[in-house]
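Observations on the model geometry
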Amino acid sequence: MILGASITVGVMNLQLNRSSEQATENLVRYFDGTLSRNLANDAASYVLGLYADSATLRVQNSAKLSSSIFSDVGDYSLTYSLYDTTINIAKNDHEVVKLVMRAEYGKSVHEVMVYAGTTFGFVPEPIRGAITASGVLDNTIGDLHIDGRNHTEEGELENFGGVYGISSGSAFTNKGKAVIGGTGEDGSDYPASNPANPLSVEQSHNWSNTFPADPDGVFNFPGGTLKEVAKSGVAGSQYVTNPKDLQFPLKGVTYVDLPEGVSWKAAWLGKDPAGILVVHNSSGTARVENIASETPFKGLIIADKMFHIHVEVLGAVMLLSNSLEKKKICTGNHESKILFSREAIQHATYLTSEKGTGWRGKVPIFGWME
Amino acid sequence: MKLLLSILIATLLQQGNPQSNSQAGSDSTPLKTVELFKKGIDENDMLVICKVMSDEEGTGPLKQASYEQMQSSLEGLSTMWRAKPFTYGETTYTGGNTATSATVKVEVKSLKQEVNFVLEKYGNSWYIFDIEIFFR
C-alpha cells in the first residue's frame, strides 16, 4: 500500500517536474522569440534612419550590425544587407532597396525584410491637384494641358498615386478650354480631355481654414523655414528680392521675395530648373507672369499668383492667393503641360527634411515583412 | 535744401502725371502706344513706359503712385528687350469701330519670341494692359 502510494507520488512528481521544465522552456522560447523579433524590427528602423540620411548607403553582402546599439538586452547578434532590386506593384516596376535584417537571441532567430523606395522626400498634404488653389482659377490656366495622374520625373505615366488635375477651393469654369485629366477621389485615372471628366477636377473644396497662408504652411513648417533654407544656399538654394539676381540653373529652394505690388513679368527659369520655387511676399501679392523655361521644371512651384503659364512642370503648382487673375485672358499656352509627378516632388522636398530625424516621413516603404 | 528737394519732387510728380502729359492724345492708336513703349525701353526711360501702362485691374491708366512698382515689375522685360528690334505685326480690335480693346502682335526675332500686347482704351488713348510672351 505504502509502496504503491510512493510510486504514484514519485510519478506525479516526475510529471510535475517535466511540466515545469516544459513551461520554463516555453517561457524562455517565448521571451527569446519576442526579443529577437523586437531586435530585428528596431534594428531595421535604425538602418532605415541611416539610409534616410544617406541615400547611397548600400551593404551588398550580409554584414554584422554593431552590437552596441541595443546593449542593454544581453547577448544577441544582428546581421543585415541593403541592396538595390526591383518589385512590381500594380503592373509597374519600381526600383527599391531591400533591407534584410536578421536578429538572433538565444535559440531564436527572426528575420525582417523591408522594401523601401529610392526616392525620398514627401508630397505635402495640401497638394491635392496638379494645380491647387483656393481662389478662382478660371482666367489663370488658359488652355493649358493639365494632368493630375501620377508621372515619373521623366514624364512617363504611372498607374497609381495621382491627384486631381485641378483642385480649387472655389467654383471652376474651364473658360480657356484647358485639357484636364487626373485621378478621382476613388483612385480612378481620367486621361486629359476637353471637356474634362468632372471627376478629375475638384472644385469648391472645403479647406475648413486649413489652406496654407504662406509657403511654409504648405509643408507644415514653422514660419520662415523655407526662407532660411534658401538663404543657407544648401544644394544650390538661393534667396533674392529681385529676379535679376537669380543664378542658374535653379535648384534646391529658390525663394523670390518680391516687393509688395511688384510682378515678375518675364519669369525665365532657364535650363534644367528643379526643386522648390517660391514666389511670395509677406502681403501675399507676389505675382509671376510669362513663366517659361528651356526644359521642364521638375518639382514644386508655390506662388501667390501666377499668370501666362508657359512652362512645362513635372511636379505640381500651388497658388496661395485667394485673389487670382479675374480680367486678363491667357490665350495661347496649350503647348505647356502641368503633369503631376510624385517622384519630382519627393526629390524636391527631400532637401527640406532634416538629417538625423529618422526615416519616417522621408523614405517610402513598399513592404515590411516578418 | 528741403525746399529745393520739395520743388524737385513736385516737378517730377507733375511731369509724371499721365493726364497732363498723355502719351499719344486723341490720335493714339494701339500700335503707336506699343511703339512708344519700345522707345521707352530702348532709351531706358521708365517714366515713358509707365505712362503707357494701364493699371493691373484694367480700370484706367496706371496711377502715378504705382509707377515705382511698375518700374520694378518691368525691369526684367526692359533689360531683355533693350536694343532688340521689334517687328510689328497685325493689330486686332475687339468690338469693331467702337473697340476699347486691341491686341498688337510683335515678334522679337533675335530672342525667338512672339509677343501679344493687349491694350485697353481709356478716353481717346490706348494703354498696355497685358503682355503675353511666347517663347519659341
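Here is a short report on the structure shown in this document. Because the structure is predicted, anything quoted here is derived from the model rather than measured.

A separate point is the overall build of chain A. In terms of regular secondary structure, chain A is built from 4 helices and 20 strands. Computed over C-alpha atoms, the radius of gyration of chain A comes to 28 Å, more than 25% over the 21 Å expected from 2.2 N^0.38 for 370 residues, which places it beyond the range of a compact globule. For chain A, the proportion of contacts with a sequence separation of at least 24, taken over those separated by at least 6, is 58%. Looking at chain A as shown, the accessible area adds up to about 17,300 Å², and 51% of this sits on carbon and sulfur atoms.

Residue and element names in this part refer to chain B. Where helix α2 (residues 30–42) meets helix α4 (residues 67–81), the closest approach of the two axes is 9 Å, and the angle between their N-to-C directions is 85 degrees. One element, α2, and the other, α4, form an angle in the roughly perpendicular class. Between α2, through Phe 37, Lys 38, Ile 41 and Asp 42, and α4, the contact on the second element is made entirely by Leu 74, Ser 78 and Trp 81. For the contact of α2 with α4, the residue count by class is 4 nonpolar, 1 polar and 2 charged.

This part takes up the pattern of salt bridges. Under the counting rule described, the total for this entry stands at 18 salt bridges over all chains. Here Lys 265 of chain A and Glu 56 of chain B are joined by a salt bridge, their closest N and O atoms 3.1 Å apart. Highlighted residues: Lys 265 of chain A in the loop between β13 (263–264) and β14 (274–279) and Glu 56 of chain B in the loop between α3 (46–51) and α4, drawn from two different chains. Glu 56 of chain B gets classed as partly exposed once you look at its relative accessible area, which sits at 25%. One salt-bridge network, in which partners are shared between bridges, spans Lys 265, Arg 287, Glu 289, Glu 325 and Lys 328 of chain A together with Glu 56 of chain B.

Turning next to unusual backbone geometry. Residues and elements named next belong to chain A. Following Asn 194, the chain continues to Pro 195 via a peptide bond in cis, the omega torsion being 5 degrees. Inspection of the secondary structure assignment puts Pro 195 in the loop between β9 (189–193) and β10 (201–202). The peptide bond linking Phe 248 to Pro 249 adopts the cis configuration, its omega dihedral lying at 0 degrees. With respect to the helices and strands, the residue Pro 249 is situated in the loop between β11 (238–240) and β12 (253–256). Of note, His 308 is a non-glycine position whose phi angle comes to about 55 degrees, a positive value.

Turning to the sheet that holds strand β15 (residues 287–291) of chain A, a few remarks are in order. The strand order across the open sheet built from 3 strands is β13-β15-β17 (chain A), with neighbouring strands paired in parallel fashion. The strands lining the two open edges of the sheet, one partner per strand, are β13 and β17 (305–309) of chain A.

The next point concerns the side chain of Gln 238 of chain A. All names here are of chain A. Summarising the element assignment, Gln 238 is placed in strand β11. At 2.7 Å, the side chain of Gln 238 and the backbone oxygen of Gln 247 are in polar contact. Among all residues touching Gln 238, those that are not within four sequence positions of it are Ala 230, Asp 245, Leu 246, Gln 247, Leu 250, Val 253, Thr 254 and Tyr 255.

A word on the interface of chain B and chain A. Chain B puts 21 residues into the contact, and the matching count from chain A is 22 residues. Of all residues in chain B, Ser 73, Glu 132 and Phe 135 of chain B give up the largest surface area on contact with chain A, accounting jointly for 30% of the area buried on that side. Across the chain B-chain A interface, the total number found is 3 salt bridges. Lys 328 of chain A is the partner of Glu 56 of chain B in a salt bridge, and the nearest nitrogen-oxygen pair spans 2.8 Å. Every element with two or more residues in the side of chain B that touches chain A is listed here: α4, β3 (113–122) and β4 (125–135) of chain B. Considering only residue class, the side of chain B that touches chain A consists of 9 nonpolar, 5 polar and 7 charged.

Our next topic: the sheet that holds β4 of chain B. Residues and elements named next belong to chain B. In space, the 4 strands of this open sheet follow the order β1-β2-β3-β4, with antiparallel pairing throughout. Edge positions in the sheet fall to β1 (87–94) and β4, since each of these pairs with one other strand and no more. The average undirected angle you get between the axes of adjacent strands in this sheet is 20 degrees. Pairing analysis gives 10 bridges linking β3 to β4, with the strands arranged antiparallel. Bridge assignment links Val 118 to a residue of β4, and that residue is Asp 130. This element, α4, spans β2 (101–108), β3 and β4 of the sheet and lies at about 70 degrees to β4.

A word on the nonpolar core. Residues Leu 137, Ile 141, Trp 264, Val 279 and Ile 291 of chain A are the most contacted members of the largest nonpolar core, which totals 59 residues. In contact with Leu 137 of chain A, other than residues within four places in its own chain, are Ile 131, Ile 166, Ser 168, Phe 172, Leu 319 and Leu 324 of chain A.

Here the structure, examined in full by the defined rule, presents 16 aromatic pairs over all chains. Centre to centre, the rings of Trp 207 of chain A and Phe 211 of chain A are 4.9 Å apart; their planes meet at 85 degrees, and the pair counts as edge-to-face. The class for Trp 207 of chain A is buried, based on a relative accessible area of 11%. Centre to centre, the rings of Trp 81 of chain B and Phe 86 of chain B are 5.3 Å apart; their planes meet at 85 degrees, and the pair counts as edge-to-face. With respect to class, Trp 81 of chain B is no different from Phe 86 of chain B; both count as buried. By way of ring pairs, the aromatic residues Phe 37, Trp 81, Phe 86, Tyr 88 and Phe 117 of chain B are connected into one cluster. We note Lys 327 of chain A situated over the ring of Phe 129 of chain B; from NZ or CZ to the ring centre the distance is 5.3 Å.

Taken as a whole, helix α4 (residues 342–350) of chain A has its buried residues at Ala 344, Ile 345, Gln 346, Ala 348 and Thr 349 of chain A. Where α4 of chain A is buried, its residues meet α2 (215–219), β14, β16 (297–303), β18 (313–319) and β19 (337–340) of chain A.

Criteria and thresholds
- Residues numbered from 1 in each chain as written.
- Chains lettered and ligands numbered in written order.
- Predicted model: local features only at pLDDT ≥ 70, side-chain atom pairs only at ≥ 80, totals over all residues.
- Heavy atoms only, no water.
- Helix = DSSP H or I, 4+ residues; strand = E, 2+ residues; numbered from the N terminus.
- Rg over C-alpha atoms; globule rule 2.2 N^0.38 Å.
- Contact = heavy atoms within 4.5 Å.
- Areas by Shrake-Rupley, 256 points an atom, 1.4 Å probe, with all protein chains shown as cover.
- Axes fitted to C-alpha atoms, helices over the stretch in contact; angles between N-to-C directions.
- Parallel < 35°, antiparallel > 145°, perpendicular 65-115°, else oblique.
- Nonpolar A, V, L, I, M, F, W, Y, C, P; charged D, E, K, R; others polar.
- Salt bridge = Lys/Arg side-chain N within 4 Å of Asp/Glu carboxyl O.
- Buried < 20%, exposed > 50% of the residue type's maximum accessible area, 1.4 Å probe, protein only.
- Pairing = 2+ DSSP bridges.
- Polar contact = N/O pair within 3.5 Å; in protein donor to acceptor, adjacent residues only side chain to side chain.
- Buried area = accessible area lost by both parts, 1.4 Å probe.
- Core = buried A, V, L, I, M, F, W, Y, C linked by side-chain atoms within 4.5 Å.
- Phe/Tyr/Trp six-rings, centres within 6.5 Å; stacked < 30°, edge-to-face > 60°.
- Lys NZ or Arg CZ within 6 Å of the ring centre and 35° of its normal.

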